[in-house]
Amino acid sequence: MAKGKTAKYYAANPKAAARRRKQQREYNKTANGLKIRTQANKLNRKLGTYGNGDGKDASHTGKNTGKLESPSKNRARKGKYA
């Protein structure tokens, strides 16, 4: 699978990638980050896609959460519906 623009950028800029990982670790510890992560995991388990390697995610849209789609398409929305 080909890399997206963001993945290519972070592959070419390791300092920026390290800074992003640090920021993401901190965000995931916040109440909001934990809530989002646990809800996504719960939904993926319910839909049977959690950990099975099928390469699908539960949709992150507020109105269509039962839909499975590719992670790149799903995460590209940048909170449009969240």
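Just so it is clear, the model here is predicted, and its values are computed rather than measured. (Residues numbered from 1 in each chain as written. Predicted model: local features only at pLDDT ≥ 70, side-chain atom pairs only at ≥ 80, totals over all residues. Heavy atoms only, no water.)

Q: Can you lay out the pattern of salt bridges for me, pointing to particular residues and giving the numbers?
A: With the rule as written, the count across this model stands at one salt bridge. Between lysine 29 and glutamate 26 there is a salt bridge, with its nearest N and O atoms 3.9 Å apart. Highlighted residues: lysine 29 and glutamate 26, both in helix H2 (residues 14–29), separated by three residues, approximately one helical turn. According to the relative accessible area criterion, lysine 29 is exposed, its value standing at 64%. Here glutamate 26 falls in the partly exposed class, since its relative accessible area comes to 46%. (Salt bridge = Lys/Arg side-chain N within 4 Å of Asp/Glu carboxyl O. Helix = DSSP H or I, 4+ residues; strand = E, 2+ residues; numbered from the N terminus. Buried < 20%, exposed > 50% of the residue type's maximum accessible area, 1.4 Å probe, protein only.)

Q: Could you give an account of the packing of H2 against helix H3 (residues 31–46), with specific residues and numbers?
A: Look at H2 against H3: their axes get within 4 Å of each other, and the N-to-C directions meet at 85°. Comparing the axis directions of H2 and H3 gives the class roughly perpendicular. When H2 is examined against H3, the residues Tyr27, Asn28 and Lys29 are found in contact with a partner set consisting of Ala31, Asn32, Gly33, Leu34, Ile36 and Arg37. A per-class count over the contact of H2 with H3 returns four nonpolar, three polar and two charged. (Axes fitted to C-alpha atoms, helices over the stretch in contact; angles between N-to-C directions. Parallel < 35°, antiparallel > 145°, perpendicular 65-115°, else oblique. Contact = heavy atoms within 4.5 Å. Nonpolar A, V, L, I, M, F, W, Y, C, P; charged D, E, K, R; others polar.)

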